[in-house]
Amino acid sequence: QVQLVESGGGLVQTGGSLRLSCAASGRTFSSFAMGWFRQAPGKEREFVATINGNRGTYYADSVKGRFTMSRDNAKNTVYLQMNSLKPEDTAVYYCAGRYGGRTPEMDRYDYWGQGTQVTVSS
């Protein structure tokens, strides 16, 4: 069983930055593909970014150029560096993990964290 715990959310002004972290339990983390998703109030959960075990990444168009996903396999942790934040980035951010390659498809992820709130004020 794999457990994922997000941290790093908070309140930030428009144009500010935050770095989210997701710590994973388990000894097979390096073989996991990881993803970040977000859900704004009244909206469906949506894809943000994903990373392979070999650190190849893929981003949603809405965050490309502003967000960077990375991983430290020695620490069993993935990160989401969020720059130039906008009010529309306000959401609960979830990390997710799966055996296999990266994918933006939510249904392909086997493990989910509880989420961390990010609020961007205008």
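Being a predicted model, the structure only gives us computed values, none of them experimental.

Definitions and cut-offs
- Residues numbered from 1 in each chain as written.
- Predicted model: local features only at pLDDT ≥ 70, side-chain atom pairs only at ≥ 80, totals over all residues.
- Heavy atoms only, no water.
- Salt bridge = Lys/Arg side-chain N within 4 Å of Asp/Glu carboxyl O.
- Buried < 20%, exposed > 50% of the residue type's maximum accessible area, 1.4 Å probe, protein only.
- Helix = DSSP H or I, 4+ residues; strand = E, 2+ residues; numbered from the N terminus.
- Disulfide = S-S within 2.5 Å.
- Pairing = 2+ DSSP bridges.
- Axes fitted to C-alpha atoms, helices over the stretch in contact; angles between N-to-C directions.

Asks: Explanation requested: the pattern of salt bridges in the structure shown.
Replies: Between side chains of opposite charge, a pair can form when the charged atoms approach closely. Tallied over the entire structure, the rule returns 5 salt bridges. Taking the shortest distance from any N to any O, the salt bridge between aspartate 61 and lysine 64 comes out at 3.1 Å. On the accessibility criterion, lysine 64 (48% relative accessible area) is partly exposed. Residue arginine 66 is joined to aspartate 89 by a salt bridge in which the shortest nitrogen-to-oxygen separation is 2.7 Å. A residue pair is termed long-range when its members are at least 10 positions apart, and arginine 66 in the loop between β6 (57-59) and β7 (67-72) and aspartate 89 in the loop between β8 (77-82) and β9 (91-99) qualify at 23 residues. You can call arginine 66 buried: its relative accessible area is 11%. Since its relative accessible area comes to 0%, aspartate 89 is described here as buried. If you follow the salt bridges from partner to partner, you end up with Arg38, Glu46, Arg66 and Asp89 in one network.

Asks: Looking at this model, I keep getting lost on the state of the cysteines. Mind explaining?
Replies: In a disulfide, the sulfur atoms of two cysteines are covalently bonded to one another. Taken as a whole, this structure holds 1 disulfide when the rule is applied. Paired through a disulfide, cysteine 22 and cysteine 95 show a sulfur-sulfur distance of 1.9 Å. Disulfide cysteine 22-cysteine 95: torsion about the S-S bond near 45°, hence right-handed. On the criterion of sequence distance, the pair formed by cysteine 22 in strand β3 (residues 18-24) and cysteine 95 in strand β9 is long-range, its members being 73 residues apart.

Asks: Got a minute to help me understand the sheet that holds β8 in this structure?
Replies: Strand-to-strand pairing in sheets goes through backbone hydrogen bonds, with the strands running parallel or antiparallel. One open sheet accounts for 4 strands, arranged β1-β3-β8-β7; its pairing is antiparallel. One side of each edge strand has no neighbouring strand; the edge strands of this open sheet are β1 (4-7) and β7. On average, adjacent strands in this sheet sit at an angle of 15° to one another, irrespective of strand direction. Relative to β8, β7 runs antiparallel, the two being bridged by 6 bridges. Counterpart to threonine 68 in the pairing with β8 is glutamine 81.

Interpretation in functional terms is not warranted from these geometric data alone.
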